[in-house]
Amino acid sequence: MAGIMVIGGGIAGTATALALHKAGFEVTVHEAHPDTGEDIGAFLTLASNGMRALAQIDAAEPVAGLGFPISRMNVIDETGTELAAVPLGEPDHPLTRYRCLRRAELGAALQHELRRRGIPIRHAARLTALREDETGATVEFADGSSATGELVVGADGLRSTVRSQLDPAAPGPEYAGQRVFYGYTTAAVPVDGEPDRITMVRGSGAAFGYLVSPAAETYWFARVPGPAATAEEIAGTTPEQWREHLLPLLRPDRTPAADIVAATDERLMVTNALHLAPGTRWQGRRTVLIGDAAHAASPATGQGASMALEDAVVLAKALRDADTTASALDCYELHRRPRVEQNITVSAQLTASRTRPPGSSGPQAQDSARPASRVDDELIRLLDWDTPLPGSGRDA
Ligand SMILES: Cc1cc2nc3c(=O)[nH]c(=O)nc-3n(C[C@H](O)[C@H](O)[C@H](O)COP(=O)(O)OP(=O)(O)OC[C@H]3O[C@@H](n4cnc5c(N)ncnc54)[C@H](O)[C@@H]3O)c2cc1C
């Protein structure tokens, strides 16, 4: 029987394969896409907790060479008045400080790391069916091939097939109430943006955020409450039409948001904010879910990728340290479920409270409560590769 089968070669799947390989397991990644990814140009921020997880599996260095670091966050209101200015994460640490990077670059770097370490990744391998018993699991792919192994790790994202194979009644993703727009512009925009700062705008019609890269490119996003964009609308609306839709929401405010959007050319995209309701079943006898397949949150907290990276480290430690697969999966779930479901809840609250939650808004809310992004001693111990996982049996 051929080791552990990771389904999905996105952020969670590649990081899990790196972690399992480091722990001494034989692992193969099966990815539906024929090449390195289906990126449509999106960017994301990796928080210090995610970078710290990458450091545990010796993958922070290649990622720290991508994109650019962010060390501070400013919050302004619709009049442009500064409400807060806070340091982010571990700003002085070259490997674990926040980073902003393109999703495609991150995916390519992690897949490159797999190949460099000799971990097999099969592309064009779309899982369609899964069977499991006490001793192992068999997976089937759309091309008619199949594979067997001792464990299946479902890292196949928001619309996970592994999740629906595990529990056909499992609810799918729900619309969280906001459309998310994002784009880039290199046009000269009068923004007061320093290269290591993210500015969050509590706008009157949208929550807006922007960063200026060291190459003077402005990266931005807008979260706009309202009905979900339909597939037809997304396919049939041009970037110019989306721009015209967004501008009236941003123009009334005395912030740079409208000028940034007006200067954006065709690199303007839209998607719906989706999440999974807490309570999704994560385990079968020989199957476990990680990343968005298990606990997708709406994007407001900006923690989905970092949570997936934490999952990877904790799952590999659990399998390394526990006596049986079943106890390892229980231990993984025990450590991960409260934290990731809190992230779903906080993100949903930020989303539901539209652009102005009482007393707080956007990522600064994470920095005030007990933020998922805060790297405290408990998290450091949980992620630390050399510290046995509490409750695994090896920690006694
Ligand atoms: C608009 C937006 C902005 C975001 N911004 C941020 C941010 O700033 N910071 C942050 O941390 N997170 C952010 N996120 C969340 C983050 O993108 C996700 O949490 C993260 O990508 C989850 O990684 P994953 O590997 O679990 O899933 P995915 O990245 O979706 O990867 C799943 C992989 O599985 C493959 N797959 C799917 N089905 C199958 C199958 N049947 N068989 C084989 N392979 C399959 C897919 O091709 C894909 O490669 C954002 C999300 C959105 C929508």
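Remember, predicted model here, so these are calculated numbers, not experimental data.

## Quick look at the domain arrangement of the chain
As a measure of interface size, the accessible area lost when the parts come together is often cited. Entries for the chain in the domain assignment read domain 1 (4–67 + 104–173 + 276–383) and domain 2 (176–275). Of note, the centres of domain 1 and domain 2, computed from C-alpha atoms alone, are 27 Å apart. The interface is formed by 24 residues belonging to domain 1 together with 23 residues belonging to domain 2. Taking both sides of the interface into account, the surface hidden between domain 1 and domain 2 amounts to around 2,000 Å²; carbon and sulfur atoms contribute 64%. Applying the counting criterion to the domain 1 and domain 2 interface returns one residue pair in polar contact (both at pLDDT 80 or more). Looking at the side of domain 1 that touches domain 2, the element that brings in the most residues is helix α11 (residues 325–352), giving three residues.

## Looking at the pairing of strand β10 (residues 137–141)
For β10, a buried count of four out of five residues is recorded, marking the element as mostly surrounded by other parts of the structure. In terms of strand pairing, strand β9 (residues 127–132) meets β10 through five bridges, oriented antiparallel. Following the sheet pairing, leucine 127 is matched in β10 by phenylalanine 141. Remark: four residues form the turn of the hairpin made by β9 and β10, two consecutive strands paired antiparallel. Pairing of β10 with strand β11 (residues 146–149) involves four bridges; the strand directions are antiparallel. In the sheet register, alanine 137 faces β11, and the bridge partner there is glycine 149. Hairpin connection from β10 to β11: four residues lie between these consecutive antiparallel strands, with glycine 144 at a positive phi of about 95°.

## A few points about α11
Spanning 28 residues, α11 covers 39 Å between terminal C-alpha atoms, matching the ideal 40 Å at 1.5 Å per step. At arginine 336, α11 is bent by approximately 35°, the largest bend along its length, and proline proline 338 sits one to four residues beyond.

## Quick look at the confidence of the model for the chain
Residues of the chain with pLDDT of at least 70 account for 92%, and the chain-wide mean is 91. The low-confidence segment residues 355–370 (pLDDT under 50) makes 37 contacts with residues lying over four places distant or belonging to another chain.

## Here's the deal with helix α10 (residues 304–321)
Helix length check: α10 (18 residues) gives 26 Å between terminal C-alpha atoms against 26 Å at 1.5 Å per residue, within 8%. Among the 18 residues in α10, 16 count as buried, and that is most of the element.

## Here we look at the site of the ligand
Surrounding the ligand, one finds 30 residues, the nearest of these being Ala12, Glu31, Arg103, Asp292 and Ala305. Arginine 103 has a polar side-chain atom sitting 2.7 Å from an oxygen atom of the ligand. For the shell around the ligand, the secondary-structure elements that each account for two or more residues are α1 (11–22), β3 (43–46), β13 (174–185) and α10. Top element by residues in the shell around the ligand is α10. It accounts for three residues. Taken domain by domain, the shell around the ligand gets at least three of its residues from each of domain 1 (4–67 + 104–173 + 276–383) and domain 2 (176–275).

Criteria and cut-off values
Residues numbered from 1 in each chain as written. Predicted model: local features only at pLDDT ≥ 70, side-chain atom pairs only at ≥ 80, totals over all residues. Heavy atoms only, no water. Domains from an automatic or database assignment. Contact = heavy atoms within 4.5 Å. Buried area = accessible area lost by both parts, 1.4 Å probe. Polar contact = N/O pair within 3.5 Å; in protein donor to acceptor, adjacent residues only side chain to side chain. Helix = DSSP H or I, 4+ residues; strand = E, 2+ residues; numbered from the N terminus. Buried < 20%, exposed > 50% of the residue type's maximum accessible area, 1.4 Å probe, protein only. Pairing = 2+ DSSP bridges. Expected span 1.5 Å × (residues − 1). Bend = angle between axes of the 7 residues up to and from the residue. pLDDT = per-residue confidence, 0-100. Near = heavy atom within 4 Å.

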